[in-house]
Amino acid sequence: VEGDQMTIDLSEMSRQVRGFYNSARTTGFGCTQVAYKCMTSPTDYPINDGAFRSLNSVVPEGRVISATRPAPMRWWMTYPMTIIDTVFKALAPVLPDKVIAGHHADLVSCNFNGINPQTKRLFIGGMGPLGGGWGAKRDEDGVSATVCLNDGDTHNAPCEMSETKMPLVVERHELIPDSGGAGRRRGGLGIRKVVRARSPVNVNTQIERMHCRPWGLEGGLEGGGNYVHIRRKGELKSDLPNAKVFHVRLEPGDAVFIHSGGGGGFGPPWQREIASVAEDARQGYISLDSAEKLYGVALDPATFAPDLARTKALRAAMASRAKSMVGVAE
């Protein structure tokens, strides 16, 4: 930042790749502009060039968000939302009231293909994008089950529509407890979707942000990452290290488990209001174990009523540990 100008420089983004994850240069400019608009004038409409007059965007060609021909670009939308998250993180120390913690940052979608046993015809279809958790703000919890940043014009498709068009059954579609990062403001929750095959089908996923989990801010904890499991013949295969599934065959009764990540928390978890922690546990957003270990709130397992004396002791110990860690870091 210099004077009334801000420069967002994407020169050190990764070079374009041989795979289909690239995007053209307009995506790079879009990343800088979305982040800048969110921080400077998020509710000023209509959007026009005046909103970006004080922004300088540096987007050299040949990067994964400014690729040149003949780079393949089919899955181009994978990286922009994490770039925007990173701009927020970089400016969090000076604009803490204007940014959010990290979010699940992926479409978290699956593609299916096979022969429909009723029509005897090839079908190719997708299930997604799957909503997930957004990062918390300094004064607000993160939203749950919401489509990722920069895909706000994409709606969640009804499960029934997918089941009607493809030989698939959605067994479960639910929030994932404890997937939101703990904090004074809690991160939003991700979604678990379990899709069972009714006939032989092939499944593919290209999901990101499994290892780089949505980060917390100002002492908030990270949210859960995106990941995938496969169930075959009743056995669950969970050792899919990068959430990538390429042309995996599912037989009738087999299933794919798609998990979207949760948002990062904002602020120290032990500063969250005790009543809010109790309500989160009652709603099933967090477990009793997390309430105690992460938030320092001891709850009755039957009534969710807080044990105030024990809670006070737990939180005092957490605050003391945090203070000592700051001293060590300094």
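Here the structure is shown first, and the text comes after it.
Rules behind the numbers
- Residues numbered from 1 in each chain as written.
- Predicted model: local features only at pLDDT ≥ 70, side-chain atom pairs only at ≥ 80, totals over all residues.
- Heavy atoms only, no water.
- Helix = DSSP H or I, 4+ residues; strand = E, 2+ residues; numbered from the N terminus.
- Expected span 1.5 Å × (residues − 1).
- Buried < 20%, exposed > 50% of the residue type's maximum accessible area, 1.4 Å probe, protein only.
- Contact = heavy atoms within 4.5 Å.
- Phe/Tyr/Trp six-rings, centres within 6.5 Å; stacked < 30°, edge-to-face > 60°.
- Lys NZ or Arg CZ within 6 Å of the ring centre and 35° of its normal.
- Axes fitted to C-alpha atoms, helices over the stretch in contact; angles between N-to-C directions.
- Parallel < 35°, antiparallel > 145°, perpendicular 65-115°, else oblique.
- Left-handed = near helix turned anticlockwise from the far one by under 90°.
- Pairing = 2+ DSSP bridges.
- Core = buried A, V, L, I, M, F, W, Y, C linked by side-chain atoms within 4.5 Å.
- 1 Å grid on protein atoms, 1.4 Å probe; cavity = no way out; pocket = protein on both sides within 12 Å on 5 of 7 lines; lining within 4 Å.
- Points joined across faces, edges and corners; volume = space filled by probe spheres on them.
- Nonpolar A, V, L, I, M, F, W, Y, C, P; charged D, E, K, R; others polar.

**Some words on helix α2 (residues 80–91)**
Its twelve residues give α2 an end-to-end C-alpha distance of 17 Å, which sits within 8% of 16 Å, the value for a rise of 1.5 Å per residue. Buried within α2 are the following residues: P80, M81, I83, I84, D85, V87, F88 and L91. Tucked into the core, α2 has its buried residues touching β1 (6–9) and α1 (25–40).

**Examining the packing of aromatic side chains**
What the rule picks out here adds up to two aromatic pairs. With a centroid separation of 5.0 Å and 20 degrees between ring planes, the pair formed by F20 and Y21 is classed as stacked. Each ring, one from Y21 and one from Y79, has its centre 6.5 Å from the other, and the planes form 55 degrees; the classification is tilted. Of this pair, Y21 sits in the loop between β1 and α1 while Y79 is found in the loop between β2 (55–58) and α2, placing the two residues 58 residues apart along the sequence. Y21 gets classed as buried once you look at its relative accessible area, which sits at 13%. Through a chain of ring-to-ring contacts, the aromatic side chains of F20, Y21 and Y79 assemble into a single cluster. Directly above the aromatic system of W215 lies the positively charged group of K89, at a separation of 4.4 Å from the ring centroid.

**Observations regarding the packing of α1 against α2**
Their axes nearest at 9 Å, the elements α1 and α2 cross at an angle of 40 degrees. Comparing their axes, α2 and α1 come out oblique. As α1 runs across α2, the sense of the crossing is right-handed. Every residue of α2 that contacts α1 at T27, C31, V34, A35, C38 and M39 is listed here: P80, I83, I84, V87, F88 and L91.

**Observations concerning the sheet that holds strand β11 (residues 255–259)**
Across the sheet, five strands lie side by side as β5-β6-β11-β8-β9; this open sheet has antiparallel pairing. Sheet topology places β5 (168–175) and β9 (235–237) at the edges, where each strand pairs with a single neighbour. Averaged over all pairs of adjacent strands, the angle between their axes in this sheet comes to 20 degrees, without regard to strand direction. Pairing analysis gives five bridges linking strand β6 (residues 191–197) to β11, with the strands arranged antiparallel. When the sheet's bridge partners are listed, V194 is paired in β11 with F257.

**Topic: the nonpolar core**
Core analysis: the largest hydrophobic core is formed by 36 residues, its most contacted members being F88 and L217. If you list the elements that add at least two residues to this core, you get β1, α1 and α2. If near-sequence neighbours (up to four positions away) are discounted, L217 is found in contact with K89, A92, V99, I100, A101, G265, F266 and G267. L168, V170, V203 and V228 belong to the second largest nonpolar core, which has 25 residues in total.

**Concerning unusual backbone geometry**
Following R69, the chain continues into P70 via a peptide bond in cis, with omega recorded as 5 degrees. The topology assignment puts P70 in the loop between β2 and α2. In the Ramachandran plot, F304 falls in the positive-phi region, its phi being about 65 degrees despite a non-glycine side chain.

**Concerning the layout of surface pockets**
Estimates place the volume of the largest pocket at around 420 Å³. Ranked by the residues each element gives to the lining of the largest pocket, the list is headed by α1, at three residues. By residue class, the composition of the lining of the largest pocket is eleven nonpolar, two polar and seven charged. The calculated volume of the second largest pocket comes to roughly 270 Å³.

Spatial relationships are all this shows, so hold off on functional conclusions.
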